Amino acid sequence: MAKKILVSGLVNIETTVEVRGFPINYYPIDYPFFGVNSNVAGVGCNIAKALTALGDEVELFSFTGNDYEAGRIFSELDSKGIATHNIHRSLKNTPTSVILFDPEGKRQVYCDLKDIQEQMLHPEDLSDALAKADAAALCNINFNRALIKKARQMHKLTATDVHVLDNVENDYNRDFMENADILFLSDEGLPCSHEDFIRQLHERYHNRVIVIGMGAKGALLLDSAEKRLINVPAYDKAKVVNTVGAGDSLYSSFLHYYVKGFSAEDSLRRAVIFAGIKIGFNGAGVGFSDESHIEAIIN
Ligand SMILES: Nc1ncnc2c1ncn2[C@@H]1O[C@H](COP(=O)(O)OP(=O)(O)OP(=O)(O)O)[C@@H](O)[C@H]1O
Ligand SMILES: [Mg+2]
């Protein structure tokens, strides 16, 4: 039976721009044919799409403006079979972002959150949705702070991706790190070795599972049940086109398999394949595999 996953996070309109390289020298105009693309994206949307592609039932919570961009987001989600009734159109405008990326996969993100960081989801309004969910994937955005505490109190499996961390003590992310059973982050900006940092995180927050995404080097797993670190190499059989969204697809597919009952290691082995295939496609919403595709490769 399909698992029910509550997802709460940012949805936005994202424009990706292929640049020649970083740093960008000044020139007044460039003509990157088919190199400038606009998509419905945002972490919440990426996670909802990936989980839906893998067969989960997703309940997506978010905020948008009441504008043209919101209409585009709603129709895109509808077309992917993701319900929109929990997306509140109460912002002044819908968040937008621009991502510059170069041929090596380096990128620079400009994220305009509009007034979304002033919003809050009230956990009492979500009690039913939480009660029905097998897991809650809660992005590290202000409106989820009370929700992740409530989900934890209700003994729901909670997952969060804090993206970039340069210290285990981080005021912005503390609520999320303290209340996540499954904690994901990127290795960008780590102050020490991956192994030292993942152990420090575990000592401080006692998460059940911690995963550090290491890009082309794969991912490092701390599975507290097994009391060990496991290095899972990247899946490099597909060519790399655009790594935007790699971390989101690793996180979502890990959660999918973990909620189904796979061990953390077996979930991560499948997740690196899912992510490796995804980055062979250009664009936030394309390139998601299904379960049978992943199993065929694993075997
Ligand atoms: N260049 C690459 N080659 C092969 N696999 C990659 C590459 N980049 C990313 N991946 C795969 O995608 C996974 C997630 O990517 P990454 O570790 O960069 O995520 P992240 O840094 O947490 O998030 P972000 O999407 O912001 O980079 C990696 O663990 C790896 O399996
Ligand atoms: Mg990365």
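Whatever comes next refers back to the structure up there.
Residues numbered from 1 in each chain as written. Chains lettered and ligands numbered in written order. Predicted model: local features only at pLDDT ≥ 70, side-chain atom pairs only at ≥ 80, totals over all residues. Heavy atoms only, no water.

Novice: I would appreciate a short explanation of the sheet that holds strand E11 (residues 209-213) in the present structure.
Specialist: Strand pairing in a sheet relies on backbone hydrogen bonds. The paired strands run either parallel or antiparallel. Taken in spatial order, the nine strands of this open sheet run E5-E4-E1-E8-E9-E10-E11-E12-E13, and their pairing is mixed. In this open sheet, the two edge strands, each paired with only one partner strand, are strand E5 (87-91) and strand E13 (228-232). Taken pair by pair, the neighbouring strands of this sheet meet at an average axis angle of 15°, ignoring direction. As defined by bridge partners, E11 adjoins strand E12 (residues 219-223) across five bridges and the pair is classed as antiparallel. Paired with Ile210 across the two strands is Leu222, which belongs to E12. Relative to strand E9 (residues 157-161), helix H7 (residues 246-260) is tilted by about 165°, and along the sheet it contacts strand E1 (4-8), strand E8 (135-138), E9, strand E10 (182-186), E11 and E12. Docked against the sheet, helix H8 (residues 264-278) engages E11, E12 and E13, running at close to 20° with respect to E13. (Pairing = 2+ DSSP bridges. Helix = DSSP H or I, 4+ residues; strand = E, 2+ residues; numbered from the N terminus. Axes fitted to C-alpha atoms, helices over the stretch in contact; angles between N-to-C directions. Contact = heavy atoms within 4.5 Å.)

Novice: What am I meant to see in the packing of H7 against helix H9 (residues 291-298) here?
Specialist: When two helices pack together, their arrangement is given by the angle between the helix axes and the distance between those axes. Where H7 meets H9, the axes come as close as 13 Å, and the angle between the chain directions of the two elements is 85°. What the angle tells us is that H7 and H9 run roughly perpendicular. Mapping the contact onto sequence places His256, Tyr257 and Lys260 in H7 and Glu291, Ile294 and Glu295 in H9. Considered class by class, the residues forming the contact of H7 with H9 number two nonpolar, one polar and three charged. (Parallel < 35°, antiparallel > 145°, perpendicular 65-115°, else oblique. Nonpolar A, V, L, I, M, F, W, Y, C, P; charged D, E, K, R; others polar.)

Novice: Whenever I open this one, the site of ligand 1 confuses me. Can you help?
Specialist: Close to ligand 1 lie 19 residues, the nearest being Arg107, Ser186, Gly215, Gly218 and Gly247. A distance of 2.7 Å separates an oxygen atom of ligand 1 from a polar side-chain atom of Ser186. Contact distances for ligand 1 include 2.7 Å between an oxygen atom and a backbone N or O atom of Gly215. Summarising the interface, the protein chains cover 86% of the accessible area of ligand 1, which totals 610 Å² for the free molecule. For the shell around ligand 1, the secondary-structure elements that each account for two or more residues are E10, H7 and H8. When residues of the shell around ligand 1 are assigned to their parent elements, the largest contribution, three residues, is made by H7. Split by residue class, the shell around ligand 1 holds eleven nonpolar, six polar and two charged. (Near = heavy atom within 4 Å. Polar contact = N/O pair within 3.5 Å; in protein donor to acceptor, adjacent residues only side chain to side chain. Areas by Shrake-Rupley, 256 points an atom, 1.4 Å probe, with all protein chains shown as cover.)

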